[in-house]
Amino acid sequence: MSKPEDDLVFQCRAYNLFPEREHRFHPERRWRFDLAFPDLKLAVEVEGGLYVQGRHSRGAGMEADLEKYGEGQRLGWTIYRCSPRMVKSGAAIQTIRDLVRIKEGDAV
């Protein structure tokens, strides 16, 4: 678990949203989403290491992530990707709130 993930969970709880952490979504692979709302099939991935040539910004890591996200989408998941900077600014929680409302059938 990363600090941005911890911060985002804290922000979610402030809005009475309670995501599951490290949710295993695939029946065969060991893939997990950072945060998930399983009943809504809404996943949140906090992409770290963007500015330090971390795993998510190198070729092999990006290919693996794309495979994971594609499989999640085939299984009906909406996957929201955000950066630590988006978590810190509050942009991520606002988008998550909107996506939850949309998934629950309410207008944004």
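These remarks concern the structure in this document.

Basis of the calculations
- Each chain carries its own residue numbering, running from 1 in the direction its sequence is written.
- Only residues with pLDDT of at least 70 are given local features in this predicted model, and only at 80 or more are side-chain atom pairs given and counted; all residues enter the totals for whole chains, interfaces and linings.
- Side-chain figures throughout are based on the complete set of non-hydrogen atoms in the structure, without hydrogens or water.
- Strands here mean DSSP runs of E at least two residues long; helices mean DSSP runs of H or I at least four residues long; both are numbered from the N terminus.
- By this rule, a helix spans an expected 1.5 Å times one less than how many residues it contains.
- With a 1.4 Å probe rolled over the protein chains alone, any residue whose accessible area is under 20% of its type maximum counts as buried; one over 50% counts as exposed, and the rest are partly exposed.
- Arc, as used here, means the arc of the directions from the helix axis to the C-beta atoms.
- In this description, contact between two residues means that some pair of their heavy atoms is separated by no more than 4.5 Å.
- Definition of a polar contact: a pair of N or O atoms within 3.5 Å, with one able to donate and the other able to accept a hydrogen when the atoms are protein atoms, and with sequence-neighbouring residues admitted only if both atoms are side-chain atoms.

## Brief notes about helix α1 (residues 3-14)
No. 1: Taking 1.5 Å as the rise per residue, α1 with twelve residues should run 16 Å; its terminal C-alpha atoms sit 17 Å apart, in good agreement.
No. 2: Those residues of α1 not exposed but buried are Pro4, Glu5, Leu8, Val9, Gln11 and Cys12. For α1, the angular spread of the buried residues around the axis is 160°, confining them to a single face. Along α1, the residues that are exposed and aim more than 90 degrees away from the buried face are Lys3, Phe10 and Ala14.
No. 3: Contacts from the buried residues of α1 go to β1 (20-24), β2 (32-37), β3 (42-46), β4 (78-82), α3 (84-89) and α4 (91-103).
No. 4: Positive backbone phi, at 60°, marks Asn16, one or two positions downstream of α1.

## Here we look at the environment of Thr78
No. 1: Among the structural elements, Thr78 can be located in strand β4.
No. 2: With relative accessibility at 29%, the residue Thr78 sits in the partly exposed group.
No. 3: Separated by 34 residues in the primary sequence, Thr78 and Val44 have C-alpha atoms spaced 8.5 Å apart.
No. 4: Side chain to side chain, Thr78 and Lys103 meet in a polar contact 3.0 Å long.

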